[in-house]
Amino acid sequence: MKNQLLIVVFGLMIIFLNTASTFQTINCKDTALRIDDKTYGKEYFPTDLNKKLIYHSSFGDLELKITKEKNAHLFSYDSEKFKYRQKLFIDDKGLFVNETYQKLKLLLFITKEGKYVYDKPLLRVPFPVKIGQVWSWDGKEFIDDYTHIVNLEGKASKLETGTTPAGKFETLKVETTLKTSEGTKNILTEWYAKDLGMVKMLVSIEGGGMLGFARDILGYGTIVFELKEIRNK
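Each value, and the rule that gives it
- Residues numbered from 1 in each chain as written.
- Predicted model: local features only at pLDDT ≥ 70, side-chain atom pairs only at ≥ 80, totals over all residues.
- Heavy atoms only, no water.
- Helix = DSSP H or I, 4+ residues; strand = E, 2+ residues; numbered from the N terminus.
- Buried < 20%, exposed > 50% of the residue type's maximum accessible area, 1.4 Å probe, protein only.
- Contact = heavy atoms within 4.5 Å.
- Areas by Shrake-Rupley, 256 points an atom, 1.4 Å probe, with all protein chains shown as cover.
- Salt bridge = Lys/Arg side-chain N within 4 Å of Asp/Glu carboxyl O.
- 1 Å grid on protein atoms, 1.4 Å probe; cavity = no way out; pocket = protein on both sides within 12 Å on 5 of 7 lines; lining within 4 Å.
- Points joined across faces, edges and corners; volume = space filled by probe spheres on them.
- Core = buried A, V, L, I, M, F, W, Y, C linked by side-chain atoms within 4.5 Å.
- Phe/Tyr/Trp six-rings, centres within 6.5 Å; stacked < 30°, edge-to-face > 60°.
- Lys NZ or Arg CZ within 6 Å of the ring centre and 35° of its normal.

Draft legend 1. The arrangement of the overall build of the protein in detail. Helix and strand counts for the protein stand at two helices and 15 strands. Expressed as a percentage of the 233 residues in the protein, the buried residues total 42%. Residue pairs at least 24 apart in sequence account for 46% of intrachain contacts in the protein once pairs closer than 6 positions are excluded. In the structure as shown, the protein presents an accessible area of about 13,400 Å², 53% of it carried by carbon and sulfur atoms.

Draft legend 2. Main features of the pattern of salt bridges. Here the structure, examined in full by the defined rule, presents 10 salt bridges. When the shortest N-O distance is used, the salt bridge between K42 and D92 registers 3.2 Å. Taken as a pair, K42 in the loop between β2 (39-40) and β3 (51-57) and D92 in the loop between β6 (82-91) and β7 (94-107) lie far apart in primary sequence, 50 residues in all. Given a relative accessible area of 42%, K42 falls into the partly exposed group. Since its relative accessible area comes to 62%, D92 is described here as exposed. The shortest N-O distance in the salt bridge between K173 and E160 comes to 3.9 Å. In this pair, K173 sits in strand β12 (residues 167-180) while E160 sits in strand β11 (residues 146-164), placing the two residues 13 residues apart along the sequence. The exposure class of E160 is buried, given its relative accessible area of 4%. Here the salt bridges do not stand alone but share partners, grouping D78, K83 and R85 into one network.

Draft legend 3. A look at empty space enclosed by the protein. Tallied over the entire structure, the rule returns one cavity of 30 Å³ or more. The calculated volume of the largest cavity comes to roughly 810 Å³. Looking at the largest cavity, it is lined by 44 residues, and the ones nearest its centre are Y84, Q86, T100, R124 and L188. It is β6 that contributes the most residues to the lining of the largest cavity, five residues altogether.

Draft legend 4. Region of the structure containing the nonpolar core. By size, the foremost hydrophobic cluster in this structure holds 51 residues, and its most contacted members are Y77, V125, W135 and L172. Setting aside its immediate chain neighbours within four residues, W135 contacts L123, R124, V125, P126, V129, L152, E153, G154, K155, A156 and V174.

Draft legend 5. Spotlight on the packing of aromatic side chains. Under the criterion given, the structure shown has 11 aromatic pairs. Aromatic pair F45 and Y192: ring centres 4.4 Å apart, planes at 50°, arrangement tilted. You can see F45 sitting in the loop between β2 and β3 and its partner Y192 sitting in strand β13 (residues 185-193), a full 147 residues away along the chain. Across this residue pair, the class does not change: F45 and Y192 are buried. Within the aromatic cluster, the residues linked to one another by ring pairs are Y55, F59, Y77, F82, Y84 and F225. In this structure, K200 is placed above the aromatic ring of W191, and the distance from its NZ or CZ to the ring centre is 5.4 Å.

Laid out in structure tokens, this is it:
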């Protein structure tokens, strides 16, 4: 009887491990080129989308809006509880951030917001990038009258296929750790699809700052963004 019980438990564990993750690594044999020889670039980070992207998030549904501002593009995600904007520019050297704005409505009478400006463009992803490639960036972040030292460590970790409510995608997985002298530490895991952009993001909050405040007040240890719907404009 004990042996039969162990077999059943083992079988359930196998089923769980096979179904727990909706994103799975793409095997090298499934690609025309060896993954080590292939590079990826701005086709995974498009700025001129002819579709509307709707995301489900920890703060409700958000729509991505991209607008052109001089030499940069403003990526905006808005919901009733959360506003997030990044001023980005993309060239042949990579994806860079000039400015970030966040606004959180935590409770009925508590709203927290901040605008973050950098002393030089913050490198999010270098181009071209290969699977396994790592990079780093160090600089200063200005918030109101405060200055913090920022360290970013990034990695293009693998190719994965995955399913979100919007469908099945082949993606480039990017992992980023962002630390500041203020004591913040956020770990971002993002999945990008060719000619579409981000289809999923997990933000693990381990330090302080605005997101740390949200974690302490609302219990958000991890923030999730997942592509819910693709609409024609």
